[in-house]
Amino acid sequence: MVDALGVAVVGFGWMGRVHTQAYARVPHHFPRLGVRPELVAVAEEVPGRAEEAAARYGFASTYRDWRDIAADARVGAVSITAPNFLHREIGVAMAEAGKHIWIEKPVGLTAADARAVADAVARARVQGTVGFNYRNAPAVEAARELIASGEIGAVTHVRIRLLSDYAAHPDGALTWRYERERGGSGVLGDLASHGVDLARFLLGDITSLVADTAVFIPRRARPTGATAGHALAAGGEPGPVENEDYVNCLLRFASGARGVLEACRVSVGEQNDYGFEVHGTRGAVSWDFRRMNELAVSRGTAYQDQPVSTVYVGPGAGEFAAFQPGAANAMGYDDLKVIEAYRFLRSIAEGRPYGTTLADAVHSATVLDAMTRSARTGAWTALEPAS
């Protein structure tokens, strides 16, 4: 018998819609899951947006204040897709109210914020999943297995890139994303957090780093009304951009491997250019998000002039079989969030974590804090071993 689970969404911008659609799709892709999500409530402070969500997706109740969801006994699990500066307060409150939480990254603005939410989840004995969706790509999971098997030898170095143009327009509105107090560390939280998670997922703990950051568009116009996404606001009152457009970081891993992580939100000509190249003593493996279901793999004994093959992942990789019947059938971004929703709900059904956890969020945030310190001092920064 499948049990119904009341779910709610806090914050109904683009990511709130992605979570909602993932809940709706989970039963179709994972019919044996022990719980069935039911859309109970949505909270959004922008007038009319919650009502629009209810009309479109069938939420039973709408709220302007997220605290009403914490008090709603029908709700067993909550998606937290509000702006970054609200994540700590909402995450802690929902856990203390006994709600399981699926929270987007970064979990707050600092490692202390992420740790506060993780501690609240642990105290309440609820499940917590974090939106590090790129590790859910079947090709990424296949790459991790390939690396762990030793097929490319001992890993020597990795390059991880997250380059995008979503903030490249100089008329982009000066929203909360560009404020230190509400948006935190800019591109570090937005994109580099994913890169750190991928680095640790593939290669293990980072032990030290040195970072450099920059702001390339120092002033933007303030919006005159409610905004969503990355709207333009030409002609508004100008104000300063307080957080980072760009970060470049050298990494050292516990294994002895070296790495480079680069992230930028103002890369003209780059649209979601996310990926990695991992090199070992006998081969290499690389992945490009824009060709999400492929790996470029070099393996063998030639060392020099060794060819690279394109490998199309199929039903044996990750959760691929829940979406497509054979290799080279494409999956997309939203499918990664369906996988994330499935693992969140499975964690609730079985009472133990599947997929990303708040511990992963704490590790990522700790590395981001170290990047910020290093960029300020110009020095290598050591990290404590992961517990």
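The structure under discussion appears in the preceding block.
First things first, this report covers the structure right here in the doc. What you are looking at is a predicted structure, and each value in this text was computed from that prediction instead of being measured.

Further remarks concern the pairing of strand E11 (residues 246–253). Sheet topology note: the strand E8 (residues 206–214)/E11 ladder contains 8 bridges and is antiparallel. Residue Ser208 lies in a different strand from E11, and its bridge partner there is Arg252. Summarising the sheet, E11 and strand E12 (residues 258–264) pair through 7 bridges and their orientation is antiparallel. Residue pairing in the sheet places Leu251 in a bridge with Gly259 of E12.

Another aspect to go through is the packing of aromatic side chains. Within this structure, the stated rule accounts for 16 aromatic pairs. Seen in terms of ring centroids, Phe12 and Phe59 are 6.1 Å apart; in terms of plane orientation they differ by 90°. Their pairing is edge-to-face. With Phe12 in the loop between strand E1 (3–10) and helix H1 (14–29) and Phe59 in the loop between helix H2 (49–57) and strand E3 (61–63), this pair connects stretches of sequence that are 47 residues apart. The exposure classification of Phe12 matches that of Phe59, with both residues buried. Between Tyr23 and Trp102, the ring centres sit 5.5 Å apart and the planes meet at 90°, which makes this aromatic pair edge-to-face. Of this pair, Tyr23 sits in helix H1 while Trp102 sits in strand E5 (residues 100–103), and the two are 79 residues apart along the sequence. For the pair shown, Tyr23 and Trp102 are each scored as buried. Three or more aromatic residues joined by ring pairs make a cluster, and in this case those are Trp14, Tyr134, Tyr274, Phe276, Trp287, Phe289 and Tyr333. The cationic tip of Arg346 hangs over the ring face of Tyr354; the distance from NZ or CZ to the ring centre is 3.8 Å.

In total, this model carries 1 cavity of 30 Å³ or more according to the counting rule given. In terms of lining, the largest cavity is formed by Lys105, Pro106, Val107, Val130, Phe132, Ser193, Ala361, Ser364, Ala365 and Leu368. Among the elements that line the lining of the largest cavity, the one with the most residues is helix H10 (residues 358–377), at 4 residues. Broken down by class, the residue content of the lining of the largest cavity amounts to 7 nonpolar, 2 polar and 1 charged.

Time to look at the sheet that holds strand E16 (residues 309–312). Pairing within the open sheet is mixed, and its 9 strands lie in the order E16-E15-E14-E13-E7-E12-E11-E8-E17. The open sheet terminates on both sides in strands that have one partner only, identified here as E16 and strand E17 (381–382). Pairing of strand E7 (residues 155–163) with E12 involves 7 bridges; the strand directions are parallel. When the sheet's bridge partners are listed, Arg159 is paired in E12 with Val260. Helix-sheet contacts for H10 involve E8, E11, E12 and E17, and the interaxial angle to E8 is about 55°.

Before going further, it helps to examine helix H4 (residues 87–96). Every buried residue of H4 is accounted for by His87, Ile90, Gly91, Val92, Met94 and Ala95. On its buried face, H4 sits against E1, helix H3 (67–70), strand E4 (77–80), E5 and helix H5 (111–124). Positive phi shows up at Gly98, right after H4, with a value of about 85°.

Turning our eyes to something else, we now look at the layout of surface pockets. Considered as a void within the structure, the second largest pocket measures approximately 270 Å³ in volume. Residue lining of the second largest pocket: 15 residues in total, with Arg135, Glu141, Arg144, Phe201 and Gly355 positioned closest to the centre. At the level of secondary structure, the elements contributing two or more residues to the lining of the second largest pocket comprise helix H6 (138–149), helix H8 (187–203) and helix H9 (333–350). For the lining of the second largest pocket, a count of residues per class yields 3 nonpolar, 3 polar and 9 charged.

Let's shift gears to the pattern of salt bridges. By the definition in use, this model includes 30 salt bridges. The structure contains a network of salt bridges with shared partners spanning Arg159, Arg161, Glu270, Asp273, Glu277, Asp288 and Arg290.

It is worth spelling out the side chain of His194 at this point. With respect to the helices, strands and loops of the structure, His194 is situated in helix H8. Residue contacts for His194: discarding those within four places in its chain leaves Lys105, Gly131, Phe132, Asn133, Tyr134 and Leu162.

On to the environment of Arg258, then. Locating Arg258 in the fold gives a position in strand E12. Setting aside residues up to four positions removed in sequence, Arg258 forms contacts with Thr156, His157, Val158, Leu251, Arg252 and Phe253. Engagement of the side chain of Arg258 in a polar contact is seen with the backbone oxygen of Gly256, the distance being 3.0 Å.

We now examine the sheet that holds E5. Taking strand neighbours across the sheet as the criterion, the 6 strands line up as E3-E2-E1-E4-E5-E6 in an open arrangement whose pairing is parallel. Two strands bound the open sheet, and with one partner strand each, they are E3 and strand E6 (128–130). Taking each pair of neighbouring strands and ignoring which way they run, the sheet shows an average axis angle of 25°. Note: E5 against E6, 3 bridges, orientation parallel. Bridge assignment links Trp102 to a residue of E6, and that residue is Thr129.

Conventions we followed
- Position labels on residues start from 1 in each chain and follow its written sequence.
- Since the coordinates come from a predicted model, pLDDT governs what is reported: local features require at least 70, and pairs of side-chain atoms require 80 or more to be given and counted, while whole-chain, interface and lining totals use all residues.
- Note: side-chain values were computed over all heavy atoms of the structure, leaving out hydrogens and water.
- Strand pairing is assigned whenever DSSP detects at least two bridges linking the two strands.
- For the purposes of this entry, the term helix denotes a DSSP run of H or I that reaches at least four residues, the term strand denotes a run of E that reaches at least two, and both are numbered from the N terminus.
- Between 30 and 60 degrees the pair is tilted, below 30 it is stacked and above 60 it is edge-to-face, where a pair is any two Phe, Tyr or Trp rings, Trp via its six-membered ring, whose centres lie within 6.5 Å.
- Partly exposed describes any residue whose relative accessible area lies between the buried limit of under 20% and the exposed limit of over 50%, with all areas from a 1.4 Å probe on protein chains only and scaled to the type maximum.
- When the NZ atom of lysine or the CZ atom of arginine is within 6 Å of a ring's centre and also within 35 degrees of its normal, the charge is said to sit over that ring.
- Only protein atoms enter the 1 Å grid used here. Points where a 1.4 Å probe fits but cannot escape make up a cavity, open sets with protein on both sides within 12 Å along at least five of seven lines make up a pocket, and a residue lines them when an atom lies within 4 Å of a point.
- Grid points are joined across faces, edges and corners, and a volume is the space filled by probe spheres set on the points.
- Gly is put with the polar residues, along with every residue not named as nonpolar or charged; the nonpolar set is Ala, Val, Leu, Ile, Met, Phe, Trp, Tyr, Cys and Pro, and the charged set is Asp, Glu, Lys and Arg.
- Throughout, a contact is declared for two residues whenever any of their heavy atoms are within 4.5 Å.
- An axis is simply a line fitted to the C-alpha atoms; with a helix, the fit covers only the stretch in contact. Between two such axes, the angle follows the N-to-C directions and lies from 0 to 180 degrees.
- What makes a salt bridge here is a side-chain nitrogen of Lys or Arg within 4 Å of a carboxyl oxygen of Asp or Glu, nothing more.
- Definition of a polar contact: a pair of N or O atoms within 3.5 Å, with one able to donate and the other able to accept a hydrogen when the atoms are protein atoms, and with sequence-neighbouring residues admitted only if both atoms are side-chain atoms.

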